[in-house]
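Residues per chain are reported as follows:
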Amino acid sequence: MITDDYRDDIKILFDFLRNLGICFVILLSIPEIEKSAPSFLNCFYMKQVIMYFTFGIFLALYVLNIVWLFKSLKVKPEHKYRSFSFISSVIMIVIFTISIIGFSVINVWTALINA
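Definitions and limits used
- Residues numbered from 1 in each chain as written.
- Predicted model: local features only at pLDDT ≥ 70, side-chain atom pairs only at ≥ 80, totals over all residues.
- Heavy atoms only, no water.
- Salt bridge = Lys/Arg side-chain N within 4 Å of Asp/Glu carboxyl O.
- Helix = DSSP H or I, 4+ residues; strand = E, 2+ residues; numbered from the N terminus.
- Buried < 20%, exposed > 50% of the residue type's maximum accessible area, 1.4 Å probe, protein only.
- pLDDT = per-residue confidence, 0-100.
- Patch = residues over 30% accessible without salt bridge, like charges linked within 9 Å, V, L, I, M, F, W, Y side chains within 5 Å.
- Areas by Shrake-Rupley, 256 points an atom, 1.4 Å probe, with all protein chains shown as cover.
- Phe/Tyr/Trp six-rings, centres within 6.5 Å; stacked < 30°, edge-to-face > 60°.

S.K.: In this structure, what is going on with the pattern of salt bridges? I would like to understand it.
M.R.: Here the idea is simple: oppositely charged side chains can pair when their charged atoms come close. Counted under the stated rule, the structure contains two salt bridges. The partner of lysine 11 in a salt bridge is aspartate 15, and the shortest N-O contact between them spans 2.8 Å. Of this pair, lysine 11 and aspartate 15 both sit in helix α1 (residues 4–28), four residues apart, roughly one helical turn. You can call aspartate 15 buried: its relative accessible area is 15%. Two residues, arginine 18 and aspartate 15, come together in a salt bridge whose shortest N-O distance is 3.5 Å. With arginine 18 and aspartate 15 both in helix α1 and three residues apart, this pair spans about one turn of that helix.

See the structure below:
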């Protein structure tokens, strides 16, 4: 039978995915931030600072989201690494990280380099 803890873990996994989506929207907004910077930011270094600051925000939120995920899982079996919640969480982190890195390398890093 499915217990309340497993249902709560499923909700936590979907919350993790939502938060991960928010992180990646922040990451993918970097080229648009560079394009739409106000005229007083025509200084090359000011745009670079803003873009790297935005990337730092993404990185911090991404790491905090992963920490929150593993701290929030309610199913705590004797051997943590064999639980369904832990294994599915790791698989989701790996899949979404690889897919967004592949997409963002094209979009974000070209904007950071060409800025």
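S.K.: In this structure, what is going on with the confidence of the model for the protein chain? I would like to understand it.
M.R.: Any residue range with low pLDDT should be treated as having predicted coordinates unsuitable for detailed reading. Mean pLDDT over the protein chain works out to 77, with 77% of the residues at or above the 70 mark. Of all secondary-structure elements in the protein chain, the lowest mean pLDDT belongs to helix α4 (residues 84–114), at 73, while helix α3 (residues 44–72) reaches the highest, 85.

S.K.: Looking at this structure, how should I read a nonpolar patch on the surface?
M.R.: Residues Ile87, Ile91, Ile95 and Phe96 make up a contiguous nonpolar surface patch of about 350 Å² in total accessible area. Positionally, isoleucine 87 belongs in helix α4.

S.K.: How should I be thinking about the packing of aromatic side chains in this particular structure?
M.R.: Pairs of aromatic rings are described using the distance from one ring centre to the other and the angle between the two planes. Under the criterion given, the structure shown has four aromatic pairs. Residues phenylalanine 24 and tyrosine 62 carry aromatic rings whose centres are separated by 6.0 Å and whose planes lie at 40° to one another, so their mutual orientation is tilted. Within this pair, whereas phenylalanine 24 is found in helix α1, its partner tyrosine 62 is found in helix α3, the two being separated by 38 residues in sequence. Looking at tyrosine 62, the relative accessible area reads 12%, which means it is buried.

S.K.: Sorry if this is basic, but what is going on with the environment of isoleucine 10 here?
M.R.: Mapping isoleucine 10 onto the fold places it in helix α1. Spatially, the C-alpha atom of isoleucine 10 lies 9.8 Å from that of serine 88, the residues being 78 residues apart in sequence.

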